[in-house]
Amino acid sequence: MEANGSSKWRFQANQDLIEASSRSVRKIVVTLMESLGKEDTRPAIPLGHGDPSVFPYFRTTVVAEDAVVDAIRSGNYNSYCTDLQGVLPARRAVAEDLSQDLPYKLSPEDVFLTSGCKQAIEHITAVLACPNANILLPRPGFPDYEAHAMFYHLEFRLFDLLPDKGWEVDLEAVEALADDNTVAMVIINPGNPCGNVYTYQHLMKVAETARKLGIMVISDEAYARLNFGANPFVPMGTFASVAPVITLGSISKRWLVPGWRLGWLVKNDPHGILAKSGVVESLKSYRVMTSDAATFLQGAFPEMIEKTKEEFFCKILKNLRVNVDICYDKIKGIPYLICPYKPEGSMFMLVKLNLALLDGIRDDMDFCEKLAREESVIVLPGVAVGLKNWLRITFAIEPSALEEGLERIIVFCHRHSKR
Ligand SMILES: *Cc1c(COP(=O)(O)O)cnc(C)c1O
């Protein structure tokens, strides 16, 4: 072997991983951070990613922190989690909490605890990735679904969400895309990146379409109950007697603790279709291989949910409502950005770039890079969520920083305005 030659080494890395991760939000935000103006002495304003927990305005409740401390101090959660689905009292707490909004009762047997909603996405993707199967995903959407589908060689097909209809699912497109190998469709409600909150009637139609096609609905409810507009939040599980539903969720957004890593995958399946099709068994088998959510977090969850006061959730909603008004009003006042829908949930607003009015801006990525360089503001280019020449703005930050960030965006647009 040559002294320094690597040519004889036989290993190489899995290129699928690089391909799958290429469009992650995190990667694009890091690129934008690198574009930040070096001479700008003003603080950078992060309107790009959705993690409000760094701001005191969005600090979690102390009772949640105490619940984690209590769980650790109890000494009861130092072991591996021996239950394949997760610690039983925590599963019971999730089942009871979700059942409040459902026309039937979930049981702890329906609940699989995961290391955040992200891991729940991984689990269900792995389970559905049979040869030739395909899954229908929303565009715009949450890039993790595509990344996992790519990695597991599960073909994905994108259906559009309709901006002029409150980002509802284009159900005709869903029917046109589906074939005999389609196994599931994903919806995200409340929506990331659109801020949509779907009506009861629309969700019913989603369920009916799924039934017609013989597929399950995977409902990402990471922002469950983070709705602050006219439409109430209706869980997709409400329609589980029409078509089987897998609900994904977590504590990350509702308690503002995305670093803690506790989530769930819940089957809403009153007719036992998922069990009969082998999905449940496959899910359990997959879990034999993967790591559990930290046992002490599972142990903390029942106390967390029992002791968190309604005022905590109300305050978050109030803050989000104030912020969405600030964001919507400022953007309405300028012609360069078009917002077709005022968000009613989650933490994001999607706006369309009016490139015809902007000089020397090629596309959304170019806009975001220049904005970072010239104004030290980070916003997410639409390409990251599947919609070129749109922008995703996170409004879950301190209102003063949000106003400042939007002012800088306005100054930037004026500076690049076509005369
Ligand atoms: C944040 C988010 C997730 C991941 O949540 P974690 O629980 O932090 O893993 C999943 N889906 C959507 C739509 C999200 O916005």
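Residues numbered from 1 in each chain as written. Predicted model: local features only at pLDDT ≥ 70, side-chain atom pairs only at ≥ 80, totals over all residues. Heavy atoms only, no water.

Caption draft 1: The arrangement of the packing of helix α5 (residues 116-128) against helix α10 (residues 279-289) in detail. Two elements in contact, α5 and α10, have axes whose closest approach is 9 Å; the angle formed by their N-to-C orientations is 120 degrees. With respect to α10, the axis of α5 lies oblique. Crossing hand, α5 versus α10: right-handed. On α10, the residues that touch Glu122, His123, Ala126 and Val127 of α5 are Val279, Ser282, Leu283, Tyr286 and Arg287. (Axes fitted to C-alpha atoms, helices over the stretch in contact; angles between N-to-C directions. Helix = DSSP H or I, 4+ residues; strand = E, 2+ residues; numbered from the N terminus. Parallel < 35°, antiparallel > 145°, perpendicular 65-115°, else oblique. Left-handed = near helix turned anticlockwise from the far one by under 90°. Contact = heavy atoms within 4.5 Å.)

Caption draft 2: Summary view of the sheet that holds strand β3 (residues 134-139). One open sheet accounts for eight strands, arranged β2-β9-β8-β7-β6-β3-β4-β5; its pairing is mixed. The open sheet has two edge strands, β2 (111-114) and β5 (168-169), and neither has a second partner. Both β3 and strand β6 (residues 182-188) contribute to a ladder of three bridges, which runs parallel. Looking across to β6, one finds that asparagine 134 is bridged to threonine 182. Across the sheet, α10 is in contact with β2, β7 (216-220) and β9 (263-268); its angle to β2 comes to roughly 30 degrees. (Pairing = 2+ DSSP bridges.)

Caption draft 3: Quick look at the packing of aromatic side chains. For the structure on display, the rule yields 14 aromatic pairs. Ring geometry for tryptophan 167 and tryptophan 390: centres 5.3 Å apart, planes at 65 degrees, overall edge-to-face. Taken together, the residues tryptophan 167 in the loop between β4 (155-162) and β5 and tryptophan 390 in strand β13 (residues 390-394) connect sequence positions 223 residues apart. Neither residue differs from the other here; tryptophan 167 and tryptophan 390 are each classed as buried. Ring centres of tryptophan 264 and phenylalanine 301 lie 5.7 Å apart, and the angle between their planes is 55 degrees; on these two criteria the pair is classed as tilted. Note that tryptophan 264 is positioned in strand β9 and phenylalanine 301 in helix α11 (residues 295-307), a separation of 37 residues in sequence. When sorted by exposure, tryptophan 264 lands in the same class as phenylalanine 301, which is buried. (Phe/Tyr/Trp six-rings, centres within 6.5 Å; stacked < 30°, edge-to-face > 60°. Buried < 20%, exposed > 50% of the residue type's maximum accessible area, 1.4 Å probe, protein only.)

Caption draft 4: A nonpolar patch on the surface, seen in detail. A contiguous nonpolar surface patch, about 320 Å² in accessible area, is contributed by Leu84, Val288 and Met289. Mapped onto the fold, methionine 289 is located in helix α10. (Patch = residues over 30% accessible without salt bridge, like charges linked within 9 Å, V, L, I, M, F, W, Y side chains within 5 Å. Areas by Shrake-Rupley, 256 points an atom, 1.4 Å probe, with all protein chains shown as cover. Salt bridge = Lys/Arg side-chain N within 4 Å of Asp/Glu carboxyl O.)

Caption draft 5: Seen up close, helix α14 (residues 399-415). The end-to-end C-alpha distance of α14, which contains 17 residues, comes to 24 Å, matching closely the 24 Å that a straight helix rising 1.5 Å per residue would cover. Within the span of α14, buried status applies to Pro399, Ala401, Leu402, Gly405, Leu406, Arg408, Ile409, Ile410, Phe412 and Cys413. Considering only its buried residues, α14 is in contact with β1 (45-47), α12 (310-332), β10 (337-338), α13 (364-375), β12 (377-381) and β13. (Expected span 1.5 Å × (residues − 1).)

Caption draft 6: Highlighting the nonpolar core. Residues Ile218, Phe301, Phe367 and Ile409 are the most contacted members of the largest nonpolar core, which totals 110 residues. It is α12 that provides the largest number of residues to this core, a total of 10 residues. Two domains each put at least three residues into this core: domain 1 (24-59 + 311-415) and domain 2 (62-307). Listed in part, the 28 residues of the second largest apolar core include Trp167, Met185, Ala240 and Leu387. (Core = buried A, V, L, I, M, F, W, Y, C linked by side-chain atoms within 4.5 Å. Domains from an automatic or database assignment.)

Caption draft 7: Region of interest: helix α6 (residues 143-151). In terms of residue burial, α6 counts as a mostly covered element, since eight of its nine residues are buried. Listed as buried for α6 are Pro143, Asp144, Tyr145, Glu146, Ala147, His148, Ala149 and Met150. Among the residues trailing α6, histidine 153 stands out with phi positive, at a value near 55 degrees.

Caption draft 8: Molecular detail of unusual backbone geometry. The amide bond that connects asparagine 189 to the next residue, proline 190, takes the cis arrangement and shows omega of -10 degrees. Following the sequence through the fold, proline 190 ends up in the loop between β6 and α8 (200-213). Positive phi outside glycine occurs at tryptophan 167, with the angle close to 60 degrees. Here serine 376, not a glycine, exhibits a phi torsion of approximately 55 degrees, which is positive. Overall, the relative accessible area of 3% leaves serine 376 in the buried class.

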